[in-house]
Amino acid sequence: MSNLVVVLNVVILCGLMVSAILAVHFEKLLSAVIALTATGLFAAAEFLLLHAPDVAISEAAVGAALTPLIFIVTLKRLKGGDDK
């Protein structure tokens, strides 16, 4: 059981790093926001594995739901915001 938790922890941390790097390197803003959402989801999963469900719920609500929603609404209101 302990090996499974360690493997899952490593997979989540690798996903967290990859999605954060992709969020920085994407040229299109909408793609970067989607990668940022994935980063928030991986962070919430990591907090859940670390037995911090209150922090995981907060991260899922703010980092993976509210912040990307604000970014997407802002991009929609900007004319040509998806170009670069």
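These numbers were taken from a predicted model, which means no experiment stands behind them. (Residues numbered from 1 in each chain as written. Predicted model: local features only at pLDDT ≥ 70, side-chain atom pairs only at ≥ 80, totals over all residues. Heavy atoms only, no water.)

Undergrad: Quick one: what's the story with a nonpolar patch on the surface, residue by residue and with numbers?
TA: Together, Leu36, Val62, Leu66, Leu69, Ile70, Phe71 and Val73 make up an exposed nonpolar region whose accessible area comes to about 580 Å². Tallying contributions element by element places helix 3 (residues 53-77) first for the nonpolar patch, with six residues. Structurally, Leu69 can be placed in helix 3. (Patch = residues over 30% accessible without salt bridge, like charges linked within 9 Å, V, L, I, M, F, W, Y side chains within 5 Å. Areas by Shrake-Rupley, 256 points an atom, 1.4 Å probe, with all protein chains shown as cover. Salt bridge = Lys/Arg side-chain N within 4 Å of Asp/Glu carboxyl O. Helix = DSSP H or I, 4+ residues; strand = E, 2+ residues; numbered from the N terminus.)

Undergrad: I'd like to hear about the confidence of the model for the protein, residue by residue, with values.
TA: When pLDDT is averaged along the protein, the result is 90, and 92% of the positions lie at 70 or above. Across the protein, the element-wise mean pLDDT spans from 92 in helix 3 up to 95 in helix 1 (residues 2-25). (pLDDT = per-residue confidence, 0-100.)

Undergrad: I'd like a rundown of helix 3, residues and numbers included.
TA: Think of an α-helix as turning once every 3.6 residues; residues three or four places apart then point the same way. Its 25 residues give helix 3 an end-to-end C-alpha distance of 35 Å, which sits within 8% of 36 Å, the value for a rise of 1.5 Å per residue. Maximum bend of helix 3: about 30°, positioned at Glu59. Turning to helix 3, its buried residues number three or more, namely Ala56, Gly63, Ala64, Pro68 and Leu75. Packed against the buried residues of helix 3 are helix 2 (29-49). (Expected span 1.5 Å × (residues − 1). Bend = angle between axes of the 7 residues up to and from the residue. Buried < 20%, exposed > 50% of the residue type's maximum accessible area, 1.4 Å probe, protein only. Contact = heavy atoms within 4.5 Å.)

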